[in-house]
Amino acid sequence: MTTMDRGPEGGEHVQIVEVGPRDGLQNEDRTLAVHDRVELVERAVASGVERIEAVSFVNPERVPQMAGAEEIMASLSAAARDASIGLVLNRKGLDRAVEAGVAEVNVAVPATDGFSVRNQGTTVEAMLESLEGIDRALEGAGIPLSVTVSTAFGCPFDGEVPAGQVVEVVRRVAQTSAVEIALADTIGVGVPRQVTDLLERTAQVAGGRALRCHFHNTRNTGYANALAAVEAGVRVLDSSLGGFGGCPFAPAATGNIGTEDLLYMLHRSGLRTGVSLSGAIGVAEWMGERLDKTPQAYLSRAGAFPS
């Protein structure tokens, strides 16, 4: 461990949203037991993660890897519960999330009908209407709402996604109480110039809400896209320990950008995350052992520099 383990003191803060327990596990052949998923969340929080996609309140018949959300929430420490984000797609999922005690609710709204119908069983317009209902139901609950606009950079079914189409979804999302809007490259097709352009366009309709980015490294552009987002002013990024991840409803979608690799890039660029790089490497290796799979991220193999 070096003095750069959590980023340089005084460096501008970039917050990491750890998505490993949800996006990282939902596409894996091996389903981790509830106690392993609880330990994964606890280990990540102990390493300095401030926000973490701990659970997903979706139909376990469609995504069996995400079953047991209520059991996980009930087993978490107070610190882990305070960091927990629960993904919901409809009012039923919201009711479960509120009852389970999540600290934040995240709703995914695709930018394309092709993905929305296959992933969520409904159109984009219907998802936006569902979001409005979720927003109304959350009023007074004291639980912040964030929204992820998936397939913002490209769709496995509809192909290229016009920027104006994404901007319109963001504009509609900004009419809710959402405190943060994430742009997600669900299948890893985006490139840095596209990231810069889309962030500039969406910022104009986001109503001052924080913008977050979510990248996959399917075509080896994920980390370049993350750096482009930071240089465009984004200060919240999603990543997954070990680079695990993918979407069971998006053909050929591979893992998220790896948390440990992202930390290395950000820390060496003079930015501070507060997340321990050495701790993240350890959790990723532990995760790989449970999945019987080598992490896709590189830091477990190459190590940090200087060591």
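What counts, and where the lines are drawn
Residues numbered from 1 in each chain as written. Predicted model: local features only at pLDDT ≥ 70, side-chain atom pairs only at ≥ 80, totals over all residues. Heavy atoms only, no water. Core = buried A, V, L, I, M, F, W, Y, C linked by side-chain atoms within 4.5 Å. Buried < 20%, exposed > 50% of the residue type's maximum accessible area, 1.4 Å probe, protein only. Helix = DSSP H or I, 4+ residues; strand = E, 2+ residues; numbered from the N terminus. Contact = heavy atoms within 4.5 Å. Arc of directions from axis to C-beta. Polar contact = N/O pair within 3.5 Å; in protein donor to acceptor, adjacent residues only side chain to side chain. Axes fitted to C-alpha atoms, helices over the stretch in contact; angles between N-to-C directions. Left-handed = near helix turned anticlockwise from the far one by under 90°. Nonpolar A, V, L, I, M, F, W, Y, C, P; charged D, E, K, R; others polar. Salt bridge = Lys/Arg side-chain N within 4 Å of Asp/Glu carboxyl O.

A. Up close: the nonpolar core. Residues Val 105 and Leu 237 are the most contacted members of the largest nonpolar core, which totals 92 residues. Per-element tally for this core: the top contributor is helix H12 (residues 277-291), with 8 residues. When near neighbours in sequence (up to four residues on either side) are disregarded, Val 105 contacts Gly 86, Val 88, Leu 94, Ala 97, Leu 138, Ile 143, Pro 144, Leu 145 and Ser 146.

B. Representation of unusual backbone geometry within the structure. Cis rather than trans, the peptide bond between Phe 305 and Pro 306 has omega equal to -10°. Secondary-structure assignment places Pro 306 in the segment after helix H13 (299-302). In this model, Thr 151 sits at a positive phi of 50°, which is unusual for a non-glycine residue. Relative to the helices and strands, Thr 151 is located in the loop between strand S6 (145-150) and helix H8 (163-173). A relative accessible area of 0% means that Thr 151 is categorised as buried. A positive phi angle, close to 55°, is found at Asp 292, a residue other than glycine. Within the element layout of this structure, Asp 292 appears in the loop between H12 and H13.

C. A look at helix H5 (residues 91-100). Three or more residues of H5 are buried, namely Gly 93, Leu 94, Ala 97 and Ala 100. Buried positions in H5, seen along its axis, are confined to an arc of 130° and lie on one side of it. Exposed positions of H5 whose direction lies more than 90 degrees from the buried face are Lys 92 and Glu 99. Looking at the packing, one finds that the buried side of H5 touches helix H3 (69-75), strand S4 (84-88), strand S5 (104-110) and helix H7 (124-138). The N-capping residue of H5, defined by a side-chain oxygen 3.3 Å from the backbone nitrogen of Lys 92, is Asn 90. Directly after H5, the chain includes Gly 101, whose backbone phi takes a positive value near 90°.

D. Representation of the packing of helix H9 (residues 192-203) against helix H10 (residues 222-231). Following both chains from N to C, one finds H9 and H10 inclined at 35°, their axes separated by 8 Å at the closest point. Crossing of H9 against H10: the hand is right-handed. When H9 is examined against H10, the residues Pro 192, Val 195, Thr 196 and Leu 199 are found in contact with a partner set consisting of Ala 224, Asn 225, Ala 228 and Ala 229. For the contact of H9 with H10, a count of residues per class yields 6 nonpolar, 2 polar and no charged.

E. Geometry of the pattern of salt bridges. Evaluation of the coordinates by the stated rule reveals 18 salt bridges. Across the pair Arg 212 and Asp 238 runs a salt bridge, and its minimum N-O distance is 2.7 Å. With Arg 212 in strand S8 (residues 210-215) and Asp 238 in strand S9 (residues 236-239), the pair connects residues that are 26 residues apart, well separated along the chain. Asp 238 carries the same exposure label as Arg 212, and that label is buried. The network of salt bridges with shared partners includes Arg 51, Glu 104, Glu 180, Arg 212 and Asp 238.

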